[in-house]
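Observations on chain architecture
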Amino acid sequence: MGIWDLPASEKDAVELLQGYGIIPNECTCKNYHKMKLYFGKQIFWKCNVEECKQHLGVRARNWFEGSRISFGAAVRFIYWWCKELTSIKFCAEEMGIADKTVIDRNNYMREICALEMDEKERKQIGDEGLIVEIDESLFVKRKNNTGHVLPQQWVFGRICRETKETFLVTVPNRSAVTLMEKICENIKEGSIIYSDCWKGYTTSELENAGFLHGTVNHKYNFVDPDTGVHTQHVERMWGSAKWRNKKQRGTACHHLDSYLIEFIWRQAQAANGEDGFQSVLKAIAKRFPPKK
């Protein structure tokens, strides 16, 4: 869906959300009478049975309960979020959304990503004969406004060349014990692992665990001249992940996990050639179905 296809009115926005199952198409009152949806200055369900005449707000019993953002603005926000354009400045200038609402909505979207990725976190990537590039990188090493250096956070990442499956996870350190544990948890036995020459990646231990291991020494080469081993795919992944981190002006350690999960979700969408806007609307309906 392009920007010109987005709903032009509140009625259109509600109908689009109904089409995805985020807002129900039918509703019953407390007396189990079928209600009708009315559009005007307010959008509400109404029971037309003479002795009943109950009203119910259209936001009740669904993902929008408790929110005040218009449905049109909500749909546009989701669209721009999929384009990675929902900064506070952009939303204020282009959609007139208040700062707190922008923060809340971005958090809601990351919650959807986390719920979607939760069932995939346990899936190991790679397989026999497939190459998985691994690396660790330091996030959150900037200074805050007072000049104090914020706490460091190491992140372990891997990407399968053939399937494009990626995964990032925060780790307390990059010791051999920690990295070996994450490798065995998240990479299938039989995979070919490519890494740099960091001492935490011990070839003998990896081979004993059922992996093949190739290395490149970045002190001398980006690509090993003899074996052709390189880790440029995972390096590019770091570039993308850190660009998002810098765009957010750095990320506090306690928020980093949620930002990384969002990044992984976006990577998976791109790898599968899926439309992010449609995917996230379907995910909202699946994770937060309307209550009858």
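Report follows, based on the coordinates. (Residues numbered from 1 in each chain as written. Predicted model: local features only at pLDDT ≥ 70, side-chain atom pairs only at ≥ 80, totals over all residues. Heavy atoms only, no water.)

Here we come to the packing of aromatic side chains. Tallied over the entire structure, the rule returns eight aromatic pairs. The interplanar angle of 15 degrees and the centroid separation of 5.7 Å between the aromatic rings of Tyr 38 and Phe 44 together place this pair among those described as stacked. Under the relative-accessibility criterion, Phe 44 is labelled partly exposed at 24%. On the basis of an interplanar angle of 70 degrees and a centroid distance of 5.8 Å, the ring pair of Tyr 79 and Phe 277 is categorised as edge-to-face. Placement of Tyr 79 in helix α2 (residues 71–82) and of Phe 277 in helix α9 (residues 276–287) is noted, with a sequence separation of 198 residues between them. Each of the two residues, Tyr 79 as well as Phe 277, counts as buried. Here a set of aromatic residues connected by ring pairs shows up, and it is made of Trp 63, Phe 64, Phe 71 and Tyr 108. The residue whose ring lies beneath Lys 11 is Phe 39, and the NZ or CZ to ring-centre distance is 5.4 Å. (Phe/Tyr/Trp six-rings, centres within 6.5 Å; stacked < 30°, edge-to-face > 60°. Buried < 20%, exposed > 50% of the residue type's maximum accessible area, 1.4 Å probe, protein only. Helix = DSSP H or I, 4+ residues; strand = E, 2+ residues; numbered from the N terminus. Lys NZ or Arg CZ within 6 Å of the ring centre and 35° of its normal.)

This part is about the nonpolar core. Core analysis: the largest hydrophobic core is formed by 76 residues, its most contacted members being Leu 17, Phe 71, Leu 168 and Ile 183. Counting residues per element, this core draws most heavily on α2, which supplies nine residues. (Core = buried A, V, L, I, M, F, W, Y, C linked by side-chain atoms within 4.5 Å.)

Scanning the model with the defined rule gives twelve salt bridges in all. In this structure, the salt-bridge partner of Lys 188 is Asp 127, at a minimum N-O distance of 3.9 Å. With Lys 188 in the loop between α5 (176–186) and β7 (192–196) and Asp 127 in the loop between α4 (99–118) and β4 (131–139), the pair connects residues that are 61 residues apart, well separated along the chain. Assessed through its relative accessible area of 34%, Asp 127 is described here as partly exposed. (Salt bridge = Lys/Arg side-chain N within 4 Å of Asp/Glu carboxyl O.)

Now for the environment of Ile 183. Tracing the sequence through the fold places Ile 183 in helix α5. Apart from the residues within four sequence positions on either side, Ile 183 is in contact with Ile 134, Phe 156, Ile 193, Tyr 201, Leu 206 and Phe 211. (Contact = heavy atoms within 4.5 Å.)

Moving on: the packing of α2 against α9. Running from N to C, α2 and α9 point in directions that differ by 125 degrees, and their axes come no closer than 9 Å. Classified by the angle between their axes, α2 and α9 sit oblique to one another. For the pair α2 and α9, the sense of crossing is right-handed. On α9, the residues that touch Val 75, Ile 78, Tyr 79, Trp 81 and Cys 82 of α2 are Gly 276, Phe 277, Val 280, Leu 281 and Ile 284. Counted by class, the contact of α2 with α9 contains nine nonpolar, one polar and no charged residues. (Axes fitted to C-alpha atoms, helices over the stretch in contact; angles between N-to-C directions. Parallel < 35°, antiparallel > 145°, perpendicular 65-115°, else oblique. Left-handed = near helix turned anticlockwise from the far one by under 90°. Nonpolar A, V, L, I, M, F, W, Y, C, P; charged D, E, K, R; others polar.)

A positive phi angle, close to 55 degrees, is found at Lys 53, a residue other than glycine. One can find Lys 53 in the loop between β2 (44–47) and β3 (55–57).

Here we come to the pairing of strand β6 (residues 166–171). Counting buried residues in β6 gives six out of six residues, a clear majority hidden from the surface. By the alternation rule, side chains of β6 split into Thr 166, Leu 168 and Thr 170 and Phe 167, Val 169 and Val 171, which are all buried. Taken together, the six bridges between strand β5 (residues 153–160) and β6 define a ladder with antiparallel strand orientation. Note on β6: the bridge partner recorded for Arg 158 is Phe 167. The turn linking β5 back onto β6 is made up of five residues, and Lys 164 within it adopts a positive phi angle of 70 degrees. (Pairing = 2+ DSSP bridges.)

That's the geometry; what it means functionally is another story.
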